[in-house]
Amino acid sequence: MSRVKILVACHKPDTVYHDEVYTPIHVGRAISRYKDEMSDMIGDDTGVHISEKNPFYSELTAQYWGWKNLKDVDYIGLCHYRRYFQTKVTPENVDQLLGTHYDVMLVHPLYERNSVANRLRLATCTEDVYIFYLCFVKLFPEYKSLALEYLRGNKVVPYNMFVMKKSLFDDFASWQFAVLQEMEHYVKLPGYTRCRRLYGYVSEIMLPLYCQHKGLKVRYDDWVSMVGEKA
């Protein structure tokens, strides 16, 4: 039987689904004012972590924690306390969901009226979009054409939610955080809360780019506000 863990990112007390697969994780615990109220779940501040960077990385501090600290799982996933895949993942069905036909499960794409680049610019700022692009193609120039095509398009795969084999995830996370850490040398984050979440926003672009470049077979699923609900 395959072992699978889906981290459920939580930044404040709320109703959250959990069982042997779905594992709530308190993101930003290192700097959180809710440590006592959320002491019944694991935190992203143990082992190797970037918990203190949660205001900038959002749910990616849980992703980083899973990359560095979860060693005994075959599959790993990430969702949110108010966003889950409609299909409930279990140890019994994960091999069928992500077997020979699919490599990764993502949320169904959204199609914006404007370009992905403009969406990102409105969420952050123009300078940071350029910094992301320049750092990205500096480290991974083989992605240049694909990145430009994606940024000019209007297809968005939101929320940084996924389920995939841990071996594939480790490769993705190593690639992803190399770019984000390179960006840190150049970005000057403002005090505005939305703009500070820059790294979480650009990662929404990186996940589908990685899948497309690697030729991964993607299983798309709806998202729901709680496991067991219908989209």
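Further up the page is the structure itself.
Residues numbered from 1 in each chain as written. Predicted model: local features only at pLDDT ≥ 70, side-chain atom pairs only at ≥ 80, totals over all residues. Heavy atoms only, no water.

Caption draft 1: Fine view of the pattern of salt bridges. The full count for this structure, using the stated rule, is six salt bridges. Ionic pairing is found between Lys53 and Glu184, a salt bridge with its closest N-O pair at 3.0 Å. Of the two residues, Lys53 sits in the loop between strand S3 (42–43) and helix H1 (54–57) while Glu184 sits in the loop between helix H7 (166–183) and helix H8 (193–196), which places them 131 residues apart along the sequence. Here Lys53 falls in the partly exposed class, since its relative accessible area comes to 23%. Connected through shared salt-bridge partners, Glu112, Arg119 and Glu204 make up one network. (Salt bridge = Lys/Arg side-chain N within 4 Å of Asp/Glu carboxyl O. Helix = DSSP H or I, 4+ residues; strand = E, 2+ residues; numbered from the N terminus. Buried < 20%, exposed > 50% of the residue type's maximum accessible area, 1.4 Å probe, protein only.)

Caption draft 2: Structural context of the packing of helix H5 (residues 126–139) against helix H6 (residues 144–152). Between H5 and H6, whose axes approach to 10 Å, the crossing angle comes to 155°. Considered as vectors, H5 and H6 are oriented roughly antiparallel to each other. Every residue of H6 that contacts H5 at Tyr133, Phe136 and Val137 is listed here: Lys144, Ala147, Leu148 and Leu151. Tallied by class, the residues present in the contact of H5 with H6 amount to six nonpolar, no polar and one charged. (Axes fitted to C-alpha atoms, helices over the stretch in contact; angles between N-to-C directions. Parallel < 35°, antiparallel > 145°, perpendicular 65-115°, else oblique. Contact = heavy atoms within 4.5 Å. Nonpolar A, V, L, I, M, F, W, Y, C, P; charged D, E, K, R; others polar.)

Caption draft 3: Spatial organisation of the pairing of strand S2 (residues 22–26). Burial analysis of S2 places five of its five residues in the buried class, which makes it a mostly covered element. Across five bridges, the pairing between strand S1 (residues 4–10) and S2 is parallel. Directly across from Leu7, in S2, lies its bridge partner Thr23. The pairing of S2 with S3 spans two bridges and is classified as parallel. Within S3, the residue paired with Ile25 across the bridge is Ile42. (Pairing = 2+ DSSP bridges.)

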